[in-house]
Amino acid sequence: MTDDGPHLLTIGRLARRTGLTVRTIRYWSDEGVLHPVTRSDGGYRLYDAESVARLELIRTLRELGLGLDDVRHVVGGEKELAAVAAAHVAALDAQIRTLRLNRAVLSTVAQRNSTAEETALMNKLARLSATERKQIIDDFMEQTFGGLDTADPDIRTRLRIMVPELPDDPTSTQVDAWVALAELMQDPDFRAHMRSMIEFNAADRGPGVAPGTSLWFMSRLVQLAGESLERGIDPASERAGTVLDGLLGDADRSEVLLRLTAAANEDVARFRHLVSVVRGMDPPPRQEAEFTWVLAALRAHGAG
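Residues numbered from 1 in each chain as written. Predicted model: local features only at pLDDT ≥ 70, side-chain atom pairs only at ≥ 80, totals over all residues. Heavy atoms only, no water.

Draft legend 1. Representation of the environment of Ala 236 within the structure. Within the secondary structure, Ala 236 is located in the loop between helix H11 (213–230) and helix H12 (238–248). Sequence-distant contacts of Ala 236, that is, excluding residues within four places in its chain, are made with Ala 300 and His 301. (Helix = DSSP H or I, 4+ residues; strand = E, 2+ residues; numbered from the N terminus. Contact = heavy atoms within 4.5 Å.)

Draft legend 2. Local environment of helix H15 (residues 288–300). With 13 residues, H15 extends 18 Å from end C-alpha to end C-alpha; this agrees with the ideal 18 Å at 1.5 Å per step. Those residues of H15 not exposed but buried are Phe 291, Trp 293, Val 294, Leu 295, Ala 297 and Leu 298. At the exit of H15 stands Gly 302, carrying a positive phi of roughly 95°. (Expected span 1.5 Å × (residues − 1). Buried < 20%, exposed > 50% of the residue type's maximum accessible area, 1.4 Å probe, protein only.)

Draft legend 3. Broad picture of the packing of helix H6 (residues 116–126) against helix H9 (residues 172–185). Two numbers describe how H6 lies on H9: the axes approach to 9 Å, and their chain directions differ by 105°. Regarding the angle of H6 to H9, the classification is roughly perpendicular. In this structure, H6 uses Leu 121, Met 122, Leu 125 and Ala 126 to contact H9, whose residues at the interface are Val 175, Trp 178, Val 179, Ala 182 and Glu 183. Counted by class, the contact of H6 with H9 contains eight nonpolar, no polar and one charged residues. (Axes fitted to C-alpha atoms, helices over the stretch in contact; angles between N-to-C directions. Parallel < 35°, antiparallel > 145°, perpendicular 65-115°, else oblique. Nonpolar A, V, L, I, M, F, W, Y, C, P; charged D, E, K, R; others polar.)

Draft legend 4. Quick look at the packing of helix H1 (residues 11–18) against helix H2 (residues 22–30). Axis separation between H1 and H2 bottoms out at 9 Å; the angle between their running directions is 115°. The pairing of H1 with H2 is recorded here as roughly perpendicular in orientation. Once H1 is placed against H2, the crossing between them reads as right-handed. Facing H1, whose interface residues are Ile 11, Gly 12, Leu 14, Ala 15 and Thr 18, H2 presents Val 22, Ile 25 and Arg 26. A class-by-class count of the residues in the contact of H1 with H2 yields five nonpolar, two polar and one charged. (Left-handed = near helix turned anticlockwise from the far one by under 90°.)

Draft legend 5. Representation of the confidence of the model for the chain in the model. Of all residues in the chain, 86% have pLDDT values of 70 or greater, and the mean over the chain is 80. Model confidence for the chain, summarised as mean pLDDT per element, is weakest for helix H8 (residues 153–162) at 67 and strongest for H2 at 93. Overall, residues 205–213 carries pLDDT values under 50, and its contacts beyond four positions in sequence, including any with other chains, amount to 13 contacts. (pLDDT = per-residue confidence, 0-100.)

Draft legend 6. Main features of the sheet that holds strand S2 (residues 38–39). Spatially, the three strands line up as an open sheet ordered S1-S3-S2, and their pairing is antiparallel. The sheet is open, and its two edges are formed by strand S1 (9–10) and S2, each paired on a single side. Note: S2 against strand S3 (residues 45–47), two bridges, orientation antiparallel. Counterpart to Arg 39 in the pairing with S3 is Arg 45. (Pairing = 2+ DSSP bridges.)

Laid out in structure tokens, this is it:
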């Protein structure tokens, strides 16, 4: 005897009804997730219509990735489905973050044709905690501004705000950019270059110089260069000299040339680009043509 009534189903009939295999149903039953309603005289497990509905719930939860323990608690009424789902969402979020980190690191390794040592470093940087990432930023700021009490406070504030933390839910592109940014901020040569730029700005600071003057000067000079390019002004022409005179006056043009050369440094441009990517923003314009025009004009008009 394999069926004790018209409303009871053997495991075979239950499998045909649900589309699951007998092996799967038997396994879930052995694990205590799906209990038979009763057994036949011959000891066969028997299930009812409610078992079909419960089996559909079990299948859904398993397809969503829940473990058997959680499924058992939900089906048995020991835990609310919403609470278990919320916990599983958190676990999935953690897995997704890990997968994104793995993808970003492996993608960068493939693009750079990295060595084993470089791969290990990138993996370490990608998995830093928020505290460790903040420490890298703090160290960079200290190396850049440490001891320069006269440095333009506006530049200090802007740079500190500018350097981003990795978002809580970063894309693989942001992870890749953060790894590159962390490497750059820890590069002694780049730190030294950034400090020299700040020292240039600090040299102009005094009691009568307003905060932000250096930023204004730089942006105004680039703006004038852009306008001159649009007008087709040759950087070696007298008109270009007049443009410089209007902004620079009797300033030491050799020093201005040094400052502009530092600002046009490739690593500085890369730094700005990576910062924008990590922040999820469009990278700023490189303004290579404007810097090139200014540098040429300075060299042609008294900067040596």
